[in-house]
Amino acid sequence: MRQSYLFTSESVSEGHPDKVSDQISDAIVDLFLSKDPEARVACETLTTTQLVVLAGEVRGKGMIDTEGNWEEGAQEEIQRVVRNTVREIGYEQSGFHWKNLTFENHLHPQSADIAQGVDSSGNKDEGAGDQGIMFGYAADDTPDLMPATLDYSHKILAQMASDRHSGKAPFLEPDAKSQVTLRYHGSKAVACTAVVVSTQHAPDYCEPWEKDGKTGGDAAKYAELNEYVKGVIAQIIPAELLSDDTEYHINPTGKFEIGGPDGDAGLTGRKIIVDTYGGAAPHGGGAFSGKDPTKVDRSAAYITRYLAKNIVAARLAQRCTIQLAYAIGVSRPLSLYVDTHGTGTVADDKIEDAIRGIEKLGGLTPRGIRTHLGLNKPIYRKTAAYGHFGRTATGDLFPWERTDLVDDLKAALA
């Protein structure tokens, strides 16, 4: 392993156009699950200037009848959920406004061919909603057992959003991105070499400029924005990692007044590395948002994070990557792979055997995963910004972040 290197991760805010799409898709998942815990949802969202479009396949009591028709009031309820999601993010701009945007709903009933492979019947257990490979990861970089570069990137933007919503930073608008570069010695972060924050802002909170006879910007307002962002960075990144050598790039392109879906179209599922481990671990390629938990893209990625986190929390390893593989319509995983990257206190194959032997995990079938983690609930809108992992398990939210499997793993390995 290299002893000295730089590593970088990025995050995007709840107002980033792709994250607006993710949050809308997951709000639709929550709506369906609130009516029917066994609902099926695969909802894609497009956002652009004053437009939101939904497409995909759905099934659920209280929303779609047995003939595949919308229940009375269901489409109106979907539209209310979409507009409320945009409003809660904070978009009331001329180019994207929760009240004025055009809404199109192209959701339709789930394919019967997919349903017959996924649904349980007779002696057949419920199958996976699709084929694919899913990865989970944990590392002792931070108390959340997440890669530090991503953890700090998420938390910088989450703090800025909190300050925007509270009115503490009224000059901020919803769209923003962050990026943190750390120098590592071995597996330990020893310095923050660069931080990038680009944030949409109120008029004139940028350096003075002149173009084609027009002028704008205000030096004092720009300095206020810079000072604020550097203050947030100092709150999030440990002081011992920051120094006079740390480079700060705050709105490096200059003015950032036009943003969100008005500045760039958004689509569900385009920020899968932001959603997971910031590039520090492999990714199977499947997005999470807009999918009910029968889709192993989502549920198996959650259980692999849960397993990896509990392995690290049990001090069986400092770093852990886990892979699961599934076939559509088949309940049992095709493979389970554990890699502790040479940091394990026991052999990786022994950990694999221990996982297979823990009965409460239900054989890692789709239903077993959902039952153990309690995934058939409307808990997904909260996951769709600032990462699905490294969050605090509270009530029904983020159950895959619990470390309640530590004793089971230790007992299985005793």
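As shown above, the structure is provided for reference.
Residues numbered from 1 in each chain as written. Predicted model: local features only at pLDDT ≥ 70, side-chain atom pairs only at ≥ 80, totals over all residues. Heavy atoms only, no water.

## Focus: the overall build of the protein
Secondary structure assignment for the protein yields eleven helices and 15 strands. By the compact-globule yardstick of 22 Å for 414 residues, the protein fits well, its C-alpha radius of gyration being 22 Å. In terms of principal-axis extent, the alpha carbons of the protein reach across some 75 × 60 × 30 Å. A burial count over the protein gives 54% of its 414 residues as buried. Of the roughly 17,600 Å² of accessible surface on the protein, a fraction of 48% belongs to carbon and sulfur atoms. (Helix = DSSP H or I, 4+ residues; strand = E, 2+ residues; numbered from the N terminus. Rg over C-alpha atoms; globule rule 2.2 N^0.38 Å. Buried < 20%, exposed > 50% of the residue type's maximum accessible area, 1.4 Å probe, protein only. Areas by Shrake-Rupley, 256 points an atom, 1.4 Å probe, with all protein chains shown as cover.)

## Comments concerning the pairing of strand 3 (residues 51-59)
Where strand 2 (residues 40-48) lies against strand 3, nine bridges are found, and the strand directions are antiparallel. Directly across from Thr48, in strand 3, lies its bridge partner Leu51. In sequence, strand 2 turns back onto strand 3 through a hairpin of two residues, with Gln50 there showing a positive phi of about 50°. Inspection of the sheet shows strand 3 paired to strand 6 (residues 102-109) by eight bridges, in the parallel sense. Residue pairing in the sheet places Val58 in a bridge with Pro109 of strand 6. (Pairing = 2+ DSSP bridges.)

## Here's the deal with the packing of aromatic side chains
With the rule as written, the count across this model stands at eleven aromatic pairs. Measuring from ring centre to ring centre gives 5.1 Å for Tyr277 and Phe389, while their planes differ by 10°; the resulting arrangement is stacked. Of the two residues, Tyr277 is situated in the loop between helix 7 (272-275) and helix 8 (296-313) and Phe389 in the loop between helix 10 (366-373) and helix 11 (406-413); the sequence distance between them amounts to 112 residues. The exposure class of Phe389 is buried, given its relative accessible area of 2%. The rings of Tyr137, Tyr277, Phe288, Tyr302, Phe389, Phe398 and Trp400 are connected pair by pair, giving a single aromatic cluster. The ring of Trp98 carries the charged tip of Arg87 above its face, separated from the ring centre by 5.8 Å. The side chain of Lys230 reaches across the aromatic face of Tyr248, ending 5.1 Å from its centre. (Phe/Tyr/Trp six-rings, centres within 6.5 Å; stacked < 30°, edge-to-face > 60°. Lys NZ or Arg CZ within 6 Å of the ring centre and 35° of its normal.)

## Some points on the pairing of strand 14 (residues 319-326)
Taking burial as the measure, the eight residues of strand 14 include seven buried ones, the bulk of the element. Two elements, strand 7 (residues 132-139) and strand 14, share eight bridges in a ladder whose sense is antiparallel. Bridged to Gly136 within strand 14 is Ile322.

## With respect to the pattern of salt bridges
Throughout the structure, instances matching the rule amount to 22 salt bridges. With a shortest N-O distance of 2.6 Å, Asp144 and Lys155 are connected by a salt bridge. Here Lys155 lies in helix 4 (residues 148-166) and Asp144 lies in the loop between strand 7 and helix 4, a separation of eleven residues in the sequence. Note that Arg402 is salt-bridged to Asp404, the shortest N-O span being 2.9 Å. Taking relative accessible area as the criterion, Arg402 reaches 27% and is therefore assigned partly exposed. A network of salt bridges, in which partner residues are shared, links Glu38, Arg40, Arg367 and Arg370. (Salt bridge = Lys/Arg side-chain N within 4 Å of Asp/Glu carboxyl O.)

## A short note on helix 10
Taking burial as the measure, the eight residues of helix 10 include six buried ones, the bulk of the element. Where helix 10 is concerned, the buried positions are Pro366, Gly368, Ile369, Arg370, His372 and Leu373. In the core, the buried residues of helix 10 are packed alongside helix 8 and strand 14. Positive phi shows up at Gly374, right after helix 10, with a value of about 70°. (Contact = heavy atoms within 4.5 Å.)

## Some remarks on the side chain of Glu401
Relative to the assigned elements, Glu401 resides in the loop between helix 10 and helix 11. Side-chain polar atoms of Glu401 contact the side chain of Arg305, separated by 2.9 Å. When near neighbours in sequence (up to four residues on either side) are disregarded, Glu401 contacts Asp144, Arg305, Lys309, His388, Phe389, Gly390, Arg391 and Ala393. (Polar contact = N/O pair within 3.5 Å; in protein donor to acceptor, adjacent residues only side chain to side chain.)

## Focus on the environment of Ile237
Looking at where Ile237 falls in the secondary structure, it is placed in the loop between helix 5 (219-236) and strand 12 (247-250). Using a relative accessible area of 1% as the deciding quantity, one classes Ile237 as buried. The spatial distance from the C-alpha of Ile237 to the C-alpha of Thr149 is 9.5 Å, given a sequence separation of 88 residues. Apart from the residues lying within four places of it in its own chain, the contact partners of Ile237 are Tyr152, Ile156, Val180, Cys192, Val195 and Leu242.

## A word on the sheet that holds strand 14
On the basis of which strands lie adjacent, the open sheet formed by three strands has the order 7-14-15 and antiparallel pairing. For this open sheet the edge positions go to strand 7 and strand 15 (335-339), each flanked by a neighbour on one side alone. Neighbour-to-neighbour, the strand axes of the sheet open up by a mean angle of 15°, direction not taken into account. Packed on one face of the sheet, helix 8 meets strand 7 and strand 14 and runs near 30° to strand 7. Here helix 9 (residues 348-356) sits on the sheet and contacts strand 14 and strand 15; the angle it forms with strand 15, its principal contact strand, is near 135°. (Axes fitted to C-alpha atoms, helices over the stretch in contact; angles between N-to-C directions.)

## Focus on the packing of helix 1 (residues 17-35) against helix 2 (residues 74-89)
As a packed pair, helix 1 and helix 2 sit with axes 9 Å apart at the nearest point and diverge in direction by 135°. By the angle class used here, helix 1 and helix 2 are oblique. Considering the relative orientation of helix 1 and helix 2, their crossing is right-handed. For the pair formed by helix 1 and helix 2, the contact residues are Val20, Gln23, Ile24, Ala27, Ile28, Leu31, Phe32 and Lys35 on the first element and Glu77, Ile78, Val81, Val82, Thr85, Val86 and Ile89 on the second. Residue composition of the contact of helix 1 with helix 2, grouped by class: eleven nonpolar, two polar and two charged. (Parallel < 35°, antiparallel > 145°, perpendicular 65-115°, else oblique. Left-handed = near helix turned anticlockwise from the far one by under 90°. Nonpolar A, V, L, I, M, F, W, Y, C, P; charged D, E, K, R; others polar.)

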